[in-house]
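Single-letter residue listing:
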Amino acid sequence: MNKVLITGVGGDIGQSIAKIIKRELTEYIIYGTDVHSRHAGKIITDKFFISPYATKENYISSLLSKIDKYEIKFLIPTNEFEIKKINESLFL
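Computed from a prediction, not measured in an experiment: that's the story for all the values here.

Caption draft 1: Local environment of the pattern of salt bridges. Scanning the model with the defined rule gives three salt bridges in all. For Lys22, the salt bridge goes to Asp46, with nearest N and O atoms at 3.4 Å. Here Lys22, found in helix H1 (residues 12-24), pairs with Asp46, found in the loop between helix H2 (41-44) and strand S3 (47-50); they are 24 residues apart in sequence, far enough to count as distant. Between Glu24 and Arg23 there is a salt bridge, with its nearest N and O atoms 2.9 Å apart.

Now the structure itself:
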């Protein structure tokens, strides 16, 4: 079973990606994160987590912890701040 983590799943882009994966790639387990839970993203995903803001020091460690713990194979960041933080962390 493939596992994908979509960050910013509370936004329209994250929710749209989750819906497409759920419809087209039925063998995937969808994990989602966002900074709060007042959105439909938590319903669309199979497992939802509250995430720290990308500007927080523990953002990357929180993300990597989930990827490791749940053996997630694919990461799809959808928020500009998260994309920037992940990109910066790759080149430290």
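Once the structure has been displayed, the description carries forward.
Caption draft 2: Region of the structure containing the sheet that holds strand S4 (residues 74-76). The four strands lie next to each other as S3-S2-S1-S4, forming an open sheet whose pairing is parallel. Since the sheet does not close on itself, it has two edges, and those belong to S3 and S4, each with one partner. Adjacent strand axes in the sheet meet at a mean angle of 20° when their direction is disregarded. Pairing of strand S2 (residues 28-34) with S3, which is carried by four bridges, proceeds in the parallel orientation. Bridging from a neighbouring strand, Thr33 pairs with Phe49 of S3. Those strands touched by helix H3 (residues 59-69) are strand S1 (2-7), S2, S3 and S4, and its axis lies near 160° from that of S1.

Caption draft 3: Spotlight on the nonpolar core. Of all hydrophobic cores here, the largest spans ten residues; its members are Leu5, Tyr31, Phe49, Ala54, Tyr59, Ile60, Leu63, Tyr70, Ile72 and Ile86. Here this core takes three residues from H3, the largest share from any one element. If we skip the residues at most four places from it in the chain, Ala54 touches Tyr59, Phe81, Glu82 and Lys85. Core analysis: the second largest hydrophobic core is formed by nine residues, Ile6, Val9, Ile21 and Ile44 among them.

Caption draft 4: Examining unusual backbone geometry more closely. You will see that Glu71, though not glycine, has its phi angle at about 55°, which is positive. Topologically, Glu71 is positioned in the loop between H3 and S4.

Caption draft 5: Quick peek at H1. Given a rise of 1.5 Å per residue, 13 residues ought to cover 18 Å, and the 18 Å separating the end C-alpha atoms of H1 matches this to within 8%. Of all the residues in H1, the buried ones are Gly14, Gln15, Ala18 and Ile21. On an axial view of H1, the arc spanned by its buried residues comes to 125°, and they lie on one face. Relative to its buried face, H1 has exposed residues pointing more than 90 degrees away, namely Asp12, Arg23 and Glu24. Where H1 is buried, its residues meet S1, S2, H2 and S4.

Scoring rules and cut-offs
Residues numbered from 1 in each chain as written. Predicted model: local features only at pLDDT ≥ 70, side-chain atom pairs only at ≥ 80, totals over all residues. Heavy atoms only, no water. Salt bridge = Lys/Arg side-chain N within 4 Å of Asp/Glu carboxyl O. Helix = DSSP H or I, 4+ residues; strand = E, 2+ residues; numbered from the N terminus. Pairing = 2+ DSSP bridges. Axes fitted to C-alpha atoms, helices over the stretch in contact; angles between N-to-C directions. Contact = heavy atoms within 4.5 Å. Core = buried A, V, L, I, M, F, W, Y, C linked by side-chain atoms within 4.5 Å. Buried < 20%, exposed > 50% of the residue type's maximum accessible area, 1.4 Å probe, protein only. Expected span 1.5 Å × (residues − 1). Arc of directions from axis to C-beta.

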